[in-house]
Amino acid sequence: ALAPVPVNVITIEEEDVEEDTKRAAAFAGTLALYISILMFGQFVAMGTVEEKQNRVVEVILSRVRAWQILVGKVVGIGLLGLLQLALLAGAAYVSAQIADIGDIDLASIGIPVIAGVFFWFILGYTFYAFLYAAVGSTVSRQEDLQGAMMMPIVLIVPGYLLALVAAENPDGLVPAIGSMLPPWAPFVMPVRIASGAAAPWEVLVAVFGTAAAAAALVWIGSRVYAGALLRTGGKVKLSEAWRAAGE
């Protein structure tokens, strides 16, 4: 104790002091992504039902095709969602520049997170918007819409829960698998990328898998939408709408 032996300390791997901040920023972005996809997806479904309820869609169909109406609706509402995200991201970036937290550069952290949110919003919104439109076209009244929207909500909520798990344990098996599955990749993968836990091949699998699934839903959703759009009254089954579109 009176003559301690000197100990040489060698740092093998530099500690990333910004790791927790990056992970928190990515989760905040994922939360904004989750709310935006949920909200604007519901706008697509509500717009579909409103057009059926007031019979406006019958007039529109005399000039354009059903898939053109659907794509126009999804793109228009999606641009509104991007505008809202841009305003939110701008406010967050300005706040990050003003904030001063030790050695952490919040502004430089914010740019990759904001870019990731925009990228995954486009993929995630495309995936879910056509699903919302398909299930929304199967009902004719706003009162019946809540029950129809349970299908996309059941898919979205686990993505948010997996993002929570990934924020605590990005290297875990469950968030790793969830981050590569199309319904949940937009919510989970940004958190794993920010924490440095996602391998390049995992990111590629998530991106191409989600893009392929979104493309498939564009086709499936457009067909169901076309088959159910002119059918009023009770709820139309998805299988009936699919068959009706082929007739």
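Residues numbered from 1 in each chain as written. Predicted model: local features only at pLDDT ≥ 70, side-chain atom pairs only at ≥ 80, totals over all residues. Heavy atoms only, no water.

Topic: the overall build of the protein chain
- When you go through the protein chain residue by residue, the secondary structure sums to ten helices and zero strands.
- When its helices and strands are written in sequence order, the protein chain yields α-α-α-α-α-α-α-α-α-α.
- Burial status across the protein chain gives 41% buried among its 247 residues.
- The long-range fraction of contacts in the protein chain, counting pairs at least 24 apart against all pairs at least 6 apart in sequence, stands at 76%.
- Here the protein chain displays about 13,200 Å² of accessible surface, and carbon together with sulfur accounts for 66% of that area. (Helix = DSSP H or I, 4+ residues; strand = E, 2+ residues; numbered from the N terminus. Buried < 20%, exposed > 50% of the residue type's maximum accessible area, 1.4 Å probe, protein only. Contact = heavy atoms within 4.5 Å. Areas by Shrake-Rupley, 256 points an atom, 1.4 Å probe, with all protein chains shown as cover.)

Things to note about the environment of D144
- Along the chain, the position of D144 falls in the loop between α4 (106-136) and α5 (145-148).
- In the structure, D144 is positioned 95 residues away from V49 in sequence and 9.4 Å away in space, judged by C-alpha atoms.

Some details on helix α8 (residues 185-195)
- Across the eleven residues of α8, nine count as buried, placing the element largely inside the fold.
- Of the positions making up α8, those classed as buried are A185, P186, F187, V188, M189, P190, V191, R192 and S195.
- Among the residues trailing α8, G196 stands out with phi positive, at a value near 80°.

Observations concerning the packing of aromatic side chains
- Within the structure shown, the criterion is met by seven aromatic pairs.
- On the basis of an interplanar angle of 75° and a centroid distance of 4.9 Å, the ring pair of F127 and Y128 is categorised as edge-to-face.
- Through successive ring pairs, a cluster of aromatic residues spans Y34, F127, Y128, Y160 and F187. (Phe/Tyr/Trp six-rings, centres within 6.5 Å; stacked < 30°, edge-to-face > 60°.)

Let's talk about the nonpolar core
- Residues W120, Y125, Y128 and I156 are the most contacted members of the largest nonpolar core, which totals 54 residues.
- Among the elements of the structure, α1 (19-53), α3 (66-98), α4, α5, α6 (150-168), α8 and α9 (200-228) are those that each provide at least two residues to this core.
- Aside from chain neighbours lying at most four places away, what touches W120 is L33, Y125, A185, P186, M189, P190, I193, A206, V207 and T210.
- Counting five residues, the second largest nonpolar core, distinct from the first, contains A134, V224, V236 and A241. (Core = buried A, V, L, I, M, F, W, Y, C linked by side-chain atoms within 4.5 Å.)

Here we look at the packing of α8 against α9
- It is at 11 Å that the axes of α8 and α9 come closest, and there the two elements cross at 160°. The pairing of α8 with α9 is recorded here as roughly antiparallel in orientation. The chirality of how α8 crosses α9 is left-handed. Two secondary-structure elements touch here, α8 through A185, P186, M189, R192 and I193 and α9 through E202, V203, A206 and T210.
- A per-class count over the contact of α8 with α9 returns six nonpolar, one polar and two charged. (Axes fitted to C-alpha atoms, helices over the stretch in contact; angles between N-to-C directions. Parallel < 35°, antiparallel > 145°, perpendicular 65-115°, else oblique. Left-handed = near helix turned anticlockwise from the far one by under 90°. Nonpolar A, V, L, I, M, F, W, Y, C, P; charged D, E, K, R; others polar.)

Some details on the side chain of K73
- Tracing the chain through its elements places K73 in helix α3.
- Residue class for K73 comes out buried when judged on its relative accessible area of 11%.
- Discounting residues that sit within four places of it in the chain, K73 has contacts with V44, G47, T48, E51, Y125 and Y225.

Digging into the confidence of the model for the protein chain
- Taken residue by residue, the protein chain gives an average pLDDT of 81. The fraction at 70 or more is 88%.
- Ranking the helices and strands of the protein chain by mean pLDDT puts helix α7 (residues 173-178) first, with 91, and helix α10 (residues 238-246) last, with 75. (pLDDT = per-residue confidence, 0-100.)

What about α6?
- When the terminal C-alpha atoms of α6 are compared, their 28 Å separation across 19 residues agrees well with the 27 Å that a helix rising 1.5 Å per residue should span.
- For α6, every residue scored as buried is listed here: P152, I156, G159, L162, A163, A166 and A167. Down the axis of α6, the buried side of the element spans an arc of 145°, and every buried residue falls inside it. Away from the buried face of α6 by more than 90 degrees, exposed residues V154 and E168 are located. (Expected span 1.5 Å × (residues − 1). Arc of directions from axis to C-beta.)

Concerning a nonpolar patch on the surface
- On the surface, a cluster of nonpolar side chains totalling about 310 Å² of accessible area is made up of L80, L83 and L87.
- Among the structural elements, L87 can be located in helix α3.
- By relative accessible area, which is 61% here, L87 ends up exposed. (Patch = residues over 30% accessible without salt bridge, like charges linked within 9 Å, V, L, I, M, F, W, Y side chains within 5 Å. Salt bridge = Lys/Arg side-chain N within 4 Å of Asp/Glu carboxyl O.)

Focus: the pattern of salt bridges
- Taken as a whole, this structure holds two salt bridges when the rule is applied.
- For K73, the salt bridge is made with E51, and the minimal N-O distance between the two is 2.7 Å. Within this pair, whereas K73 is found in helix α3, its partner E51 is found in helix α1, the two being separated by 22 residues in sequence. Here K73 and E51 have matching classes, each one buried.
- Residues R192 and E202 are paired through a salt bridge, measuring 3.2 Å at the closest nitrogen-oxygen approach. Taken together, the positions of R192 in helix α8 and E202 in helix α9 put the pair ten residues apart, joining distant regions of the chain.
- Under the relative-accessibility criterion, R192 is labelled buried at 2%.
- The class for E202 is buried, based on a relative accessible area of 10%.

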